[in-house]
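Residue strings, one per chain:
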Amino acid sequence: MSQVAAAPLSASAPRALVLSGARVAIDPGHALRAVLLLRGGKIEAILPGDEPPAGIVDSADRIDLKDHLILPGLINVHDHLHFGLFPRLGRGPYPGWREWAKDIYRPHEPPLRALLEIPKDARLWWGIVHNLLSGATTVCHHDAAHPLLSDPAIPLTVHLAFGWAHSLDDPEWKNRYAGTPDDWPFIVHCAEGLDAKCRREAAKFKRGARLDDRAVFVHAVGIPRRDWLMLQAAGVWIVWCPTSNLHILGRTLPRHLLLTYPSIALGSDSPISAAGDLLDELQAARAMYDLPPDLLYRMVTTRAARLLRLPLQYGSIASGGPADLLVVRDTGQTPSDSLATLSRGDFAAVLHKGGLKAASSELHRQHRDLLQALNGPVTRHGCKWYVAVPSDALAIRTEDDCESREALCAEVTNQ
Ligand SMILES: [Zn+2]
């Protein structure tokens, strides 16, 4: 097993970049044909039409994205990045997360023993890779901060401006809440189970903290029907992680709640309990409940930005906003319909702060000169990618095949 060295990363600001020839998502229902000028990590200008005005490309690189649609980079409100290499563990359903955790936590047995020996920064890198290759440019890591996660050279934003406790079982949770700055959210797993203890957790939170729009409850599956109006009136945010809930509990939030509760965003949770990444969650949500595409779109863009209290314009494409973008094949649909029906093969590129951080093999071939800093290929779900991730972090997986987490797990276990 290779060790991941403190690989030198380049955090230098990319040159200005012009993206031309694509349709650009303005909101979930509309896209317009426009040229984007990216500079200094932001979208400097959105210029209608296919061609940039004369002179504008003189000091910029240019990528022609004919037949592509540019979406805002997605925002994943819940993950545990250090589990990025783990397989899904446990055989539910369980009454709640405590039983699941007790069942899977066997650190001295395969596969956990070998996985836990992998350096933490390598595991974090793979959490980052999973998010990047699902189109996420911002992810909330629900765990202790790690120096890697605030390195400006990592290819996405790991949001760290929030208070948190793992759950209300943490004897320190009230102190953690009290120590959280007033303008940060406080994020906690709450009611991840259907047993009596889980069902009382919203009330427990209310007794020990303020029930308001800074409170973020992850999962909330066991919250009794009578408590939902109270949470809605207080503005409490909910993180919905459908495939993790189905794996652990055999059920998730009901469809009517997702349609009517105004403050729900979508999170991937980690591969240790969930299907894999944010795109898997979008696809599962769509397949399970046939939710309106514009609702799903907002759950991973503007709503997610509000939950995390990100600066204005995160989760959208706007002049002066962050140049965090997801480029996909244009199927002629609205942005929200495109996202809801997106397949892995539709992905072309992910940009973070105006720099190309992931590119399909086709785009990489066309713009090898601009994308020479990317490493790969990384194979995921049958698609080859080049990514702004150190090659020694990628090498933690054998050759270029990271198709199957189960295969990796067996491989690691046998070493
Ligand atoms: Zn979680």
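Described in the following lines is the structure provided in the data block.

How each quantity is defined
- Residues numbered from 1 in each chain as written.
- Predicted model: local features only at pLDDT ≥ 70, side-chain atom pairs only at ≥ 80, totals over all residues.
- Heavy atoms only, no water.
- Salt bridge = Lys/Arg side-chain N within 4 Å of Asp/Glu carboxyl O.
- Helix = DSSP H or I, 4+ residues; strand = E, 2+ residues; numbered from the N terminus.
- Pairing = 2+ DSSP bridges.
- Axes fitted to C-alpha atoms, helices over the stretch in contact; angles between N-to-C directions.
- Core = buried A, V, L, I, M, F, W, Y, C linked by side-chain atoms within 4.5 Å.
- Buried < 20%, exposed > 50% of the residue type's maximum accessible area, 1.4 Å probe, protein only.
- Domains from an automatic or database assignment.
- Donors = N, O, S within 2.8 Å, 3.2 Å for Na, K, Ca; no water.
- Tetrahedral: all angles 85-135°; square planar, octahedral: opposite > 155°, others 65-115°.
- Contact = heavy atoms within 4.5 Å.

Notes on the pattern of salt bridges
Scanning the entire structure with this criterion turns up 20 salt bridges. A salt bridge links Arg-33 to Asp-50, with the shortest nitrogen-to-oxygen separation between them at 3.6 Å. Linking Arg-33 in strand β2 (residues 30-39) with Asp-50 in the loop between β3 (42-48) and β4 (60-64), this pair joins segments that are 17 residues apart in sequence. Arg-380 is the salt-bridge partner of Asp-277, the closest N and O atoms lying 2.9 Å from each other.

Looking at the sheet that holds strand β13 (residues 264-266)
In space, the five strands of this open sheet follow the order β9-β10-β11-β12-β13, with parallel pairing throughout. Two strands bound the open sheet, and with one partner strand each, they are β9 (163-167) and β13. With direction set aside, neighbouring strand axes in the sheet form an average angle of 25 degrees. Looking at chain direction, strand β11 (residues 215-219) and strand β12 (residues 237-240) are connected through three bridges and run parallel. Counterpart to Val-218 in the pairing with β12 is Val-239.

Structural notes on the nonpolar core
Core analysis: the biggest nonpolar cluster contains 110 residues, and Leu-19, Ile-70, Phe-205, Phe-217, Leu-231, Ile-238 and Trp-240 have the highest contact counts within it. Counting residues per element, this core draws most heavily on helix α3 (residues 120-132), at seven residues. If you count residues domain by domain, this core takes at least three from each of domain 1 (16-72 + 314-413) and domain 2 (75-308). By size, the runner-up hydrophobic cluster in this structure holds 18 residues, among which are Val-239, Leu-308, Leu-310 and Tyr-314.

What about the coordination of the zinc ion?
For the zinc ion, the full set of protein donor atoms is His-78 (NE2), His-80 (NE2), His-189 (NE2) and Asp-269 (OD), and the range of their distances to it is 2.0 to 2.7 Å. Around the zinc ion sit four donor atoms; with metal-centred angles ranging over 81 to 165 degrees, the donor geometry is irregular. For the zinc ion, the single-chain donor residues occur in sequence as H-x1-H-x108-H-x79-D. Each member of the pair, His-78 as well as His-80, is classed as buried.

Some details on unusual backbone geometry
In this chain, Gly-92 is followed by Pro-93 through a cis amide linkage whose omega measures 5 degrees. Note that Pro-93 resides in the loop between β6 (74-79) and α1 (97-104). Following Pro-110, the chain continues to Pro-111 via a peptide bond in cis, the omega torsion being 0 degrees. Note on placement: Pro-111 falls in the loop between α1 and α2 (112-117). Its identity as a non-glycine residue notwithstanding, Ala-191 has a phi of 60 degrees, on the positive side. Inspection of the secondary structure puts Ala-191 in the loop between β10 (186-190) and α5 (196-199). Relative accessible area serves as the criterion here: at 0%, Ala-191 is assigned to the buried category. Here His-381, not a glycine, exhibits a phi torsion of approximately 50 degrees, which is positive. Its location among the elements puts His-381 in the loop between β17 (375-380) and β18 (383-387). His-381 gets classed as partly exposed once you look at its relative accessible area, which sits at 34%.

As for the sheet that holds strand β8 (residues 157-159)
The strand order across the open sheet built from three strands is β6-β7-β8, with neighbouring strands paired in parallel fashion. The two strands at the open ends of the sheet, each matched to only one other strand, are β6 and β8. Within the sheet, the average angular offset between the axes of one strand and its neighbour, ignoring direction, is 25 degrees. Each of β6 and β7 (136-141) touches α3; the most contacted strand, β7, lies at about 135 degrees to it.

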